[in-house]
Amino acid sequence: MGDGTVFVGRRRERALLGRALDDARTGAGGSATVLRGDPGIGKSALLDWTATRADGDGFTVLRAAGHEPEAGVAFGALHQVLRPLWANARALPGPQLAALERVLGLREGLPPSGFMVGAAVLALLAEEARRRPVLILVDDLHWVDSSSVAVFVFLHRRITGLRVVMVGASRAEDGAAPGRDEHTVDVGVLSREDARALLRHWHPGLAPSTAQRVMDEAVGNPLALAELPGQLAYGHRRGVVPLPDRLPLGR
Ligand SMILES: Nc1ncnc2c1ncn2[C@@H]1O[C@H](COP(=O)(O)OP(=O)(O)OP(=O)(O)O)[C@@H](O)[C@H]1O
Ligand SMILES: [Mg+2]
């Protein structure tokens, strides 16, 4: 299974994300990127890689993720990003502080406008980025509530002058995610070589003929490489019983 102990391939994506972190850390400029791709293709794994690298480089790492049942909860994802930044709140002007207190449920009143919240979060980020560069990771953007998406969109155009990097991840097929633009990076299938290395690492006992078949069925999707062999009977995995025409987890 994907246990986080190996990371294969993704040279292009790592180079791009590494450069974004370097640019923020050295003060050359902040940036925003959205990783887009099929379920199980490795978007979250790339976010994890980015978090580890940023952590090692002294970044403040803020993480949020969309969850399907919370997709309708206003500012749900933003809430996750905000909490660790809250220590900087005293630096905010009164109206911005009040707006964020309402987002966090610390103050009664109608939900504030996206613009007011965006400006306040930007001020908090700027305060944090004066001390340490900041990385914001937002996974499963396709399930992030629309109020938070509006704030993230507001931020992504305004962090270029700050030591702030935003990286989001979204499934390809979902029309609700923020639109494709110059910040979108398509995460595609793994190379055959990388896929083979992963399969060997996760399922070392597969017969060569079975491994070949799993490779063909998984077509470079790491989740399929992790899960498919586990769905096979022992005899199928060891290659002593012929595989059925259709494997249980075919695409
Ligand atoms: N480059 C890689 N090296 C090693 N393991 C990987 C790599 N990419 C993905 N994996 C593993 O494959 C599995 C699926 O990847 P991941 O969860 O990142 O997919 P995802 O694109 O985020 O899918 P979803 O859209 O369902 O969230 C995970 O166990 C992950 O750790
Ligand atoms: Mg994921």
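Conventions adopted
- Residues numbered from 1 in each chain as written.
- Chains lettered and ligands numbered in written order.
- Predicted model: local features only at pLDDT ≥ 70, side-chain atom pairs only at ≥ 80, totals over all residues.
- Heavy atoms only, no water.
- Buried < 20%, exposed > 50% of the residue type's maximum accessible area, 1.4 Å probe, protein only.
- Helix = DSSP H or I, 4+ residues; strand = E, 2+ residues; numbered from the N terminus.
- Pairing = 2+ DSSP bridges.
- Right-handed = clockwise from strand over helix to strand, strands pointing away.
- Near = heavy atom within 4 Å.
- Polar contact = N/O pair within 3.5 Å; in protein donor to acceptor, adjacent residues only side chain to side chain.
- Areas by Shrake-Rupley, 256 points an atom, 1.4 Å probe, with all protein chains shown as cover.
- Nonpolar A, V, L, I, M, F, W, Y, C, P; charged D, E, K, R; others polar.
- Domains from an automatic or database assignment.
- Contact = heavy atoms within 4.5 Å.

*Asks:* Requested: an account of the pairing of strand β3 (residues 134-139), with residues and values cited.
*Replies:* Here β3 lies mainly inside the structure; six of its six residues are buried. Sheet analysis places strand β2 (residues 60-65) next to β3, joined by six bridges and oriented parallel. In the sheet register, A64 faces β3, and the bridge partner there is V138. Where β3 and strand β4 (residues 164-171) come together, five bridges link them in parallel fashion. When the sheet's bridge partners are listed, L137 is paired in β4 with V167. The handedness of the β3 to β4 crossover, carried by helix α6 (residues 146-156), is right-handed.

*Asks:* Mind laying out the site of ligand 1, listing which residues take part and the relevant values?
*Replies:* As a matter of local geometry, ligand 1 sits amid 19 residues, with V8, G40, K43, A45 and R171 nearest to it. The contact in question runs from an oxygen atom of ligand 1 to an N or O atom on the side chain of R171, over 2.7 Å. Here ligand 1 loses 85% of its free accessible area of 630 Å² to cover by the protein chains. No other element matches the three residues that helix α2 (residues 43-56) contributes to the shell around ligand 1. For the shell around ligand 1, the class distribution of residues is 10 nonpolar, four polar and five charged. Residue contributions to the shell around ligand 1 reach at least three from each of two domains, namely domain 1 (11-186) and domain 2 (192-237).

*Asks:* Which residues make up the environment of R213, and what are the values?
*Replies:* Of note, R213 is situated in helix α8 (residues 208-218). Taking the C-alpha atoms as reference points, R213 and R83, 130 residues apart in sequence, are found 47 Å from one another. Setting aside chain neighbours within four positions, we find R213 in contact with L243, P244, D245, R246 and L247. Only 2.7 Å separates the side chain of R213 from the backbone oxygen of D245, close enough to count as a polar contact.

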